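Coordinate inspection notes
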Amino acid sequence: MDVHVLFSGGKDSSLSAVILKKLGYEPHLITINFGVIPSYKLAEETAKILGFKHKVITLDRKIVEKAADMIIEHKYPGPAIQYVHKTVLEILADEYKVLADGTRRDDRVPKLSYSEIQSLEMRKNIQYITPLMGFGYKTLRYLASEFFILEEIKSGTKLSSDYEAEIRHILKERGESPEKYFPEHKQTRVVALKKKI
């Protein structure tokens, strides 16, 4: 069965695709772009490393424009990232019947609640799979290190393929400093495989 995995090229979405492959699914990786900057490039490179089919889907820029508005209003990115993720899932659920992503147990955002997942699945008649939901951060770091060679980068210093990259760019276009709103954190990127998938 095909599964369409929201994919940033980081360890969580990469590990989700690998786990789903091991469970017998055929992963198709989807990277979302909003036409602001070519933030999908890193994900394209990582998809080739993993050997999975990959597609970039460009959605309406208004989604990340609204997210930037929310960040400025709330002075924190959490609600905006949550809004983008939920909106993306709603849109993709109209086209794909089995969706997955790399959200994990320890995530605060983006993450759907149990009732939001039930609602999405019932309203859209889809399956939504979050294979990492049962794993804690330490376990995921271990599993990722078993399969991948990772690059760790400080967020905002290198173009990444997650929602944050284009939102940061919009904030800069508006004369805002993204560092004012996004807490300092690190992101990972898969740069090579240690084991055959």
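Each value, and the rule that gives it
Residues numbered from 1 in each chain as written. Predicted model: local features only at pLDDT ≥ 70, side-chain atom pairs only at ≥ 80, totals over all residues. Heavy atoms only, no water. Axes fitted to C-alpha atoms, helices over the stretch in contact; angles between N-to-C directions. Helix = DSSP H or I, 4+ residues; strand = E, 2+ residues; numbered from the N terminus. Parallel < 35°, antiparallel > 145°, perpendicular 65-115°, else oblique. Left-handed = near helix turned anticlockwise from the far one by under 90°. Contact = heavy atoms within 4.5 Å. Nonpolar A, V, L, I, M, F, W, Y, C, P; charged D, E, K, R; others polar. Buried < 20%, exposed > 50% of the residue type's maximum accessible area, 1.4 Å probe, protein only. Right-handed = clockwise from strand over helix to strand, strands pointing away. Pairing = 2+ DSSP bridges. Polar contact = N/O pair within 3.5 Å; in protein donor to acceptor, adjacent residues only side chain to side chain. 1 Å grid on protein atoms, 1.4 Å probe; cavity = no way out; pocket = protein on both sides within 12 Å on 5 of 7 lines; lining within 4 Å. Points joined across faces, edges and corners; volume = space filled by probe spheres on them.

Examining the packing of helix 4 (residues 78-92) against helix 5 (residues 114-124)
Two elements in contact, helix 4 and helix 5, have axes separated by 11 Å at closest approach and are oriented at 25°. The angle between the axes of helix 4 and helix 5 places the two elements in the roughly parallel class. You can see that helix 4 and helix 5 cross each other, and the crossing is right-handed. Only Glu-116, Leu-120, Arg-123 and Lys-124 of helix 5 make contact with helix 4, whose side of the interface consists of Gln-82, Lys-86, Leu-89 and Glu-90. Per-class residue counts for the contact of helix 4 with helix 5 are 2 nonpolar, 1 polar and 5 charged.

Topic: the environment of Leu-50
Looking at the element boundaries, Leu-50 is found in helix 2 (residues 41-50). Residue Leu-50 is classed as buried on the basis of its relative accessible area, which comes to 6%. On a C-alpha basis, the gap between Leu-50 and Gly-9 in space is 9.5 Å, while along the polypeptide they are 41 residues apart. Beyond its immediate stretch of four places on either side in the chain, Leu-50 contacts Phe-7, Ser-14, Leu-29, Phe-148, Val-190, Leu-193 and Ile-197.

A closer look at the pairing of strand 2 (residues 26-33)
Of all 8 residues making up strand 2, 7 are buried, and the element is well covered by its neighbours. Handedness of the crossover is the feature at issue here: the chain leaves strand 1 (residues 2-6), passes through helix 1 (residues 11-22), returns alongside strand 2, and the resulting connection is right-handed. Pairing between strand 2 and strand 3 (residues 53-58): 6 bridges, direction parallel. Paired with His-28 across the bridge in strand 3 is Lys-53.

Some points on the sheet that holds strand 4 (residues 98-100)
Taken in spatial order, the 5 strands line up as 3-2-1-4-5 in an open sheet, and their pairing is parallel. Only two strands of the sheet have a single partner each, and these edge strands are strand 3 and strand 5 (127-129). Each neighbouring strand pair of the sheet contributes to a mean axis angle of 30°, computed without reference to strand direction. Direction of pairing for strand 4 relative to strand 5: parallel, over a ladder of 3 bridges. Considered in strand 5, the bridge of Ala-100 is made with Ile-129.

Quick word on the side chain of Thr-188
Inspection of the secondary structure assignment puts Thr-188 in strand 7 (residues 186-193). Within the structure, the side chain of Thr-188 is placed 3.2 Å from the backbone nitrogen of Lys-11, a separation counted as a polar contact. Other than its neighbours up to four places away in sequence, Thr-188 contacts Gly-9, Gly-10, Lys-11, Glu-151 and Glu-152.

Examining the layout of surface pockets
In this structure, the largest pocket occupies an estimated 1300 Å³ of space. Together, 42 residues line the largest pocket, and Arg-104, Asp-107, Val-109, Pro-110 and Asp-162 are the ones closest to its centre.

A word on the environment of Glu-166
Along the chain, the position of Glu-166 falls in helix 7 (residues 163-173). Glu-166 sits 88 residues away from Gly-78 along the chain, and the two C-alpha atoms are 15 Å apart. Excluding residues that lie within four positions of it along the chain, Glu-166 makes contacts with Ile-32, Asn-33, Phe-34, Gly-35, Val-36, Ile-37 and Ser-39. Reaching out from Glu-166, the side chain makes a polar contact with the backbone nitrogen of Gly-35 at a distance of 3.3 Å.

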